[in-house]
Amino acid sequence: MNSIRRSAGERIFEVFNIILMVVIALIMIYPLLYVIFSSFSDPYALAAHSGLLLKPQGFSIEAYRMMSKNSMILTGYANTLFVVVVGTTLNIVLTALGAYFLSTKGPMFKKPITIMIIVTMYFSGGMIPLYFTVTGLGLEDNLLALILPSAINTFNLIVMKTAFQAVPESMKESAYLDGAGELTTLFRVVLPLAKATIAVLLLYYAVDHWNAWFNASLFINDRTLYPLQLVLREILIQSDTSSMSVGTLSDDQYAISETIKYAVTVAATIPILCIYPFLQKYFEKGIMIGAVKG
């Protein structure tokens, strides 16, 4: 079979497109590589270095050794893992229940309820009413304050509703004929058929919880309940590495504190990045469903 002959303009466009994609990829990857290289660099060699960083300057794990002395890092990890696991589980369960209701034919007042839910995508009460609501419920200095207010994301709810609507109605009717109730139909029939969307929303919710720090700064005053990102913010912005060094910061200790910041950034970023490869295959199918059927 003869290959299709491409014009000179098409070949030039293809080359330009490849070069552009490579440049964009490098722009996105280099900051991450810079942080990783810096975290494994010798503090003094890194302080003396200028320009692009293409490899660790020397090699040292001193930053990670000093970071391990900070008990707040492990405490922050434990708190964040609790929020991610419990919060994501609650998110998926409540989003699935809400989406199933909105995608099922027959419930009363479904249309006005849908409209009220969609309105929340564009309007909210604001930060002050949220603060008074959470504190009024007695959730201050409680990790549930980082979970319950964001139990359902409206956009994710609409995406899951669209995925549920793509499930053939005949399969639901078959389940009903076999004696299945609504919950059985949801968890045994509908959810397995929408697993691509579920996987994508799991990642969305987990990343949101992992990266969240603002609500924690509002509702959490007890340092033992700080999530990892709030600990990281304290280290990066307030330059608080005192628990990882001894005494006041000399010039040498200041150089080490800089590499500690990079090490903490790596420790807070790499775990969530490791999840992406396992869910990547679901992205195209899972998220494009919302663009096909609204």
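Residues numbered from 1 in each chain as written. Predicted model: local features only at pLDDT ≥ 70, side-chain atom pairs only at ≥ 80, totals over all residues. Heavy atoms only, no water.

Overview of the layout of surface pockets
And then number 1: Size it by volume and the largest pocket reaches roughly 580 Å³.
And then number 2: In this structure, the largest pocket is lined by 26 residues; those nearest its centre are Leu130, Pro149, Ser150, Ile152 and Asn215.
And then number 3: Considering each element in turn, the lining of the largest pocket owes the most residues, four residues, to helix α6 (residues 127-136).
And then number 4: Per-class residue counts for the lining of the largest pocket are 13 nonpolar, twelve polar and one charged. (1 Å grid on protein atoms, 1.4 Å probe; cavity = no way out; pocket = protein on both sides within 12 Å on 5 of 7 lines; lining within 4 Å. Points joined across faces, edges and corners; volume = space filled by probe spheres on them. Helix = DSSP H or I, 4+ residues; strand = E, 2+ residues; numbered from the N terminus. Nonpolar A, V, L, I, M, F, W, Y, C, P; charged D, E, K, R; others polar.)

What to know about the UniProt feature "transmembrane region" (unreviewed entry) in the protein chain
And then number 1: The UniProt record marks residues 12-37, 76-101, 113-132, 144-164, 185-207 and 260-279 with the feature "transmembrane region" (unreviewed entry), using the residue numbering of this structure.
And then number 2: Along residues 12-37 one finds 100% helix and 0% strand; the C-alpha atoms at either end are 36 Å apart.
And then number 3: As annotated, residues 113-132 comprises 65% helix and 0% strand, and the C-alpha atoms at either end are separated by 25 Å. (UniProt positions renumbered as here; feature names shortened; annotations may be inferred.)

A few points about helix α12 (residues 228-237)
And then number 1: Counting buried residues along α12, seven of its ten residues qualify, which places the element largely inside the surrounding structure.
And then number 2: For α12, the complete set of buried residues consists of Leu228, Gln229, Leu230, Val231, Leu232, Glu234 and Ile235. (Buried < 20%, exposed > 50% of the residue type's maximum accessible area, 1.4 Å probe, protein only.)

Focus on the packing of helix α4 (residues 71-103) against helix α7 (residues 154-165)
And then number 1: Interaxial distance between α4 and α7 falls to 8 Å at its minimum, and their mutual angle equals 55°. As judged from the angle between their axes, α4 and α7 are oblique. For the element pair α4 and α7, the recorded crossing hand is right-handed. Along the contact surface, α4 presents Ile92, Thr95, Ala96, Gly98, Ala99, Tyr100, Leu102 and Ser103, while α7 presents Asn156, Leu157, Met160, Lys161, Phe164 and Gln165. (Axes fitted to C-alpha atoms, helices over the stretch in contact; angles between N-to-C directions. Parallel < 35°, antiparallel > 145°, perpendicular 65-115°, else oblique. Left-handed = near helix turned anticlockwise from the far one by under 90°. Contact = heavy atoms within 4.5 Å.)

Brief notes about helix α10 (residues 195-211)
And then number 1: Here α10 contains 17 residues, and its C-alpha end-to-end distance of 24 Å stays within 8% of the 24 Å for a straight helix at 1.5 Å per residue.
And then number 2: The element α10 is largely enclosed, with a buried count of twelve among its 17 residues.
And then number 3: Turning to α10, its buried residues number three or more, namely Ala196, Thr197, Ile198, Ala199, Val200, Leu201, Leu203, Tyr205, Ala206, Val207, His209 and Trp210. (Expected span 1.5 Å × (residues − 1).)

Some details on unusual backbone geometry
And then number 1: With a phi close to 60°, Phe109 is a non-glycine residue in the positive phi region.
And then number 2: If you trace the backbone, Phe109 turns up in the loop between α4 and α5 (110-119).
And then number 3: Among the residues examined, Phe109 registers a relative accessible area of 58% and is labelled exposed.
And then number 4: Unlike most non-glycine residues, Asp141 shows phi in positive territory, near 55°.
And then number 5: Mapping Asp141 onto the fold places it in the loop between α6 and α7.

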